[in-house]
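Single-letter residue listing:
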Amino acid sequence: MAGAVRPGPGVEELVLLENLLGLPKGSKYGVRGERKVPVLQTNNGPGLTGIMTIAAYLVKQAKKEQLLGSTAEEKAVVQQWLEYRVTQVDVSSSKEDTTIILKDLNIHLEDKVYLAGNIFTLADILMYYGLHHVMVELTVQEKEKYLNVSRWFNHIQHYPGVRQHLSNVVFIKNRLYTNAH
């Protein structure tokens, strides 16, 4: 466990997830390595490493396994999007990477309410947390370009308990005054 190291974004997201799930505060988190991979020290043995492993553990601790999917197919789709989050979103470093991610998600969400279809899952929560900093920076025109992502993101940010202290991302620009007299 790294003592004085500032927690990475993964630890902050896990604390948000704990709160959303209604788990008691006080988990012992640390980070490991240059990428600041989250580590959770459990009472029952070795620490758990990685945001997805720890998140799934927290969901099971909270007895909210439905967030992991109900059927074998749903569970696989949730796992797929959690993997996408770690292998694509978390390592994106350029505007081009971000554009590819937003295009991928926009196509996927064309006929879906949530990432796993019609059910709200851990994939939605962690993808929301992973994309929040990206969505905050998008212009109104960019948000309109990725309309399905914007619809999904706005829906998730208003899901009870998800956003917490994160800033609200505005999607519609309304004119307060017109030039008409």
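The structure reproduced in this document is the subject of the present report.

Considering only enclosed or pocket space, the second largest pocket measures out at about 360 Å³ in volume. For the lining of the second largest pocket, the secondary structure elements donating two or more residues are β2 (37–41) and α2 (51–61). Tallying contributions element by element places α2 first for the lining of the second largest pocket, with three residues. Residues belonging to the lining of the second largest pocket are distributed by class as follows: five nonpolar, seven polar and three charged.

Right, let's talk about the pairing of strand β1 (residues 28–32) for a bit. Taken together, the five bridges between β1 and β2 define a ladder with antiparallel strand orientation. Its bridge partner being in β2, glycine 30 is matched across the sheet by valine 39. The antiparallel hairpin formed by β1 and β2 contains four residues in its connecting segment, where glycine 33 sits at a positive phi of about 80 degrees.

This part covers the packing of helix α3 (residues 72–89) against helix α4 (residues 95–108). Axis separation between α3 and α4 bottoms out at 11 Å; the angle between their running directions is 160 degrees. The orientation of α3 relative to α4 falls into the category roughly antiparallel. Here α3 runs over α4; the crossing is right-handed. For the pair α3 and α4, contact is made by Trp81, Tyr84, Gln88 and Val89 and by Ile100, Ile101, Asp104, Leu105 and His108, respectively. For the contact of α3 with α4, the residue count by class is six nonpolar, two polar and one charged.

This brings us to helix α7 (residues 147–157). Note: α-helices contain 3.6 residues per turn, so residues at a spacing of three or four share the same orientation. Every buried residue belonging to α7 is among Asn148, Val149, Ser150, Trp152, Phe153, Ile156 and Gln157, and all of these are buried. Where the residues of α7 are buried, they touch α4, α5 (122–137) and α6 (140–145).

So, about α2. Among all positions of α2, only Ile51, Met52, Ile54, Ala55, Ala56, Leu58 and Val59 are buried. Note on α2: the residue one or two positions beyond its end, lysine 63, has a positive phi of about 55 degrees.

Positive phi, normally seen in glycine, also occurs at lysine 63, with a value near 55 degrees. Along the chain, lysine 63 turns up in the loop between α2 and α3. Even without being glycine, glutamine 164 reaches a positive phi, approximately 55 degrees. Residue position: glutamine 164 is located in the segment after α7.

This next bit is on the pattern of salt bridges. Across all of its chains, the model carries four salt bridges by this definition. A salt bridge links arginine 85 to glutamate 13; its shortest N-O distance comes to 2.8 Å. In this pair, arginine 85 is assigned in helix α3 and glutamate 13 in helix α1 (residues 9–21), connecting sequence segments 72 residues apart. Each of the two residues, arginine 85 as well as glutamate 13, counts as buried.

A word on the side chain of threonine 98. If you trace the backbone, threonine 98 turns up in helix α4. Apart from the residues lying within four places of it in its own chain, the contact partners of threonine 98 are Ser92 and Val134.

A few words on the sheet that holds β1. Ordered by their spatial adjacency, three strands build an open sheet running β1-β2-β3, and the pairing between neighbours is antiparallel. Edge strands, defined here as strands with exactly one partner in the open sheet, are β1 and β3 (48–49). Pairing analysis gives two bridges linking β2 to β3, with the strands arranged antiparallel. Within the sheet, the bridge partner assigned to valine 39 lies in β3 and is threonine 49.

The rules behind these values
Residues numbered from 1 in each chain as written. Predicted model: local features only at pLDDT ≥ 70, side-chain atom pairs only at ≥ 80, totals over all residues. Heavy atoms only, no water. 1 Å grid on protein atoms, 1.4 Å probe; cavity = no way out; pocket = protein on both sides within 12 Å on 5 of 7 lines; lining within 4 Å. Points joined across faces, edges and corners; volume = space filled by probe spheres on them. Helix = DSSP H or I, 4+ residues; strand = E, 2+ residues; numbered from the N terminus. Nonpolar A, V, L, I, M, F, W, Y, C, P; charged D, E, K, R; others polar. Pairing = 2+ DSSP bridges. Axes fitted to C-alpha atoms, helices over the stretch in contact; angles between N-to-C directions. Parallel < 35°, antiparallel > 145°, perpendicular 65-115°, else oblique. Left-handed = near helix turned anticlockwise from the far one by under 90°. Contact = heavy atoms within 4.5 Å. Buried < 20%, exposed > 50% of the residue type's maximum accessible area, 1.4 Å probe, protein only. Salt bridge = Lys/Arg side-chain N within 4 Å of Asp/Glu carboxyl O.

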